[in-house]
Amino acid sequence: MTMLHDLLMTVMRVGWILLAVVTVSLGIAAATSSMSEITDCEIGVYLREVPGLAACNASIWSYFGSMVVPVLAVPVVVCLIPVLKPRQSVSWLAVAALFTLSIVGFCAAFMSSTPRQVGLYGFFWPLLPLALLVAGVASLAKPRRSGSTRDSLQHG
């Protein structure tokens, strides 16, 4: 049982590392996307912050600059925590955190009148099915008891 447990924990760790790599890729895609992804400028609603079509088509990176790096690092860190603390509960908390970040990102992007950095978290929703899969592997690795109490009482 311990060999299987160790194997599943290794698979889970590798899965979370791969998710972190995918998260970096999604972060790069988010930073290089146009401002139209997190504002209403694509439908012709321009703001003081995004006053015209040129600003609407500019990248998110060009608008926020290097301040997007810490924001985009948060989902990467969330994916790496289960690697450092490989427990089933930590994996499920990471899934919940990624889900929450995605919801916050969507709300910030679609309900705010001004562009906000947290709107970038909406780019990370594709991680959710993969994170559920990896957390599911962690569930398989949960140690099981060797026998039930009833069996122990009957044979003891």
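Residues numbered from 1 in each chain as written. Predicted model: local features only at pLDDT ≥ 70, side-chain atom pairs only at ≥ 80, totals over all residues. Heavy atoms only, no water.

## Points about the overall build of the protein
The cut-off we apply is this: Working definition: helices are DSSP H or I runs of at least four residues, strands are E runs of at least two. Numbering for both runs from the N terminus. The buried label goes to any residue with under 20% of its type's maximum accessible area, the exposed label to any with over 50%, and the partly exposed label to all in between, with areas taken from a 1.4 Å probe on protein chains only. We call two residues in contact when some of their heavy atoms are within 4.5 Å.
When helices and strands are counted, the protein shows seven helices and zero strands. Along the protein, from the amino end to the carboxyl end, the secondary structure elements read α-α-α-α-α-α-α. Every one of the 156 residues in the protein was classed for burial, and the buried ones make up 37%. Once local pairs closer than 6 in sequence are excluded, the contacts in the protein between residues at least 24 apart make up 72%.

## Considerations on helix 1 (residues 2-32)
Heads up, the condition is: A helix is expected to reach a length of 1.5 Å times the quantity of its residues less one.
Under the 1.5 Å per step criterion, the end-to-end length of helix 1 is 45 Å for 31 residues, consistent within 8% with the ideal 45 Å. Every buried residue of helix 1 is accounted for by Leu 8, Met 9, Met 12, Gly 15, Trp 16, Leu 19, Ala 20, Thr 23, Leu 26, Gly 27, Ala 30 and Ala 31.

## Points about the confidence of the model for the protein
Using the following cut-off: Each residue gets a pLDDT score, which is the predictor's confidence in that residue and runs from 0 to 100.
Per-residue confidence for the protein gives a mean pLDDT of 84, with 87% of residues at or over 70. Scored below 50 in pLDDT, residues 148-156 shows zero contacts in the model against residues more than four places distant or in partner chains.

## What about the environment of Val 24?
On the secondary structure map, Val 24 appears in helix 1. Once the C-alpha coordinates of Val 24 and Ala 73 are considered, the two residues, 49 residues apart in sequence, prove to be 7.9 Å apart.

## Some details on a nonpolar patch on the surface
Put simply, the rule reads: Patch definition: residues with relative accessible area over 30% and no salt bridge; like charges joined within 9 Å; nonpolar side chains (Val, Leu, Ile, Met, Phe, Trp, Tyr) joined within 5 Å. Accessible surface area values rest on a Shrake-Rupley calculation with a 1.4 Å probe, where residue burial reflects the displayed protein chains alone. Definition used for salt bridges: Asp or Glu carboxyl oxygen within 4 Å of a side-chain nitrogen of Lys or Arg.
On the surface, Phe 106, Phe 110, Met 111 and Trp 125 cluster together into a nonpolar patch covering about 510 Å² of accessible area. For Trp 125, the location among the structural elements is in the loop between helix 5 (88-111) and helix 6 (127-140).

## Some thoughts on the nonpolar core
The condition is simple: What is meant by a nonpolar core is a set of buried Ala, Val, Leu, Ile, Met, Phe, Trp, Tyr and Cys residues, joined one to another through side-chain atoms within 4.5 Å.
Grouped together as the largest cluster of nonpolar side chains are 38 residues, with contacts concentrated most on Trp 16, Ile 60, Leu 98 and Leu 120. Those elements that place two or more of their residues in this core are helix 1, helix 3 (60-64), helix 4 (68-84), helix 5 and helix 6. It is helix 1 that contributes the most residues to this core, nine residues altogether. With residues near it in sequence (within four places) discarded, Leu 98 still touches Trp 16, Pro 75, Val 78, Cys 79, Leu 127, Leu 128 and Ala 131.

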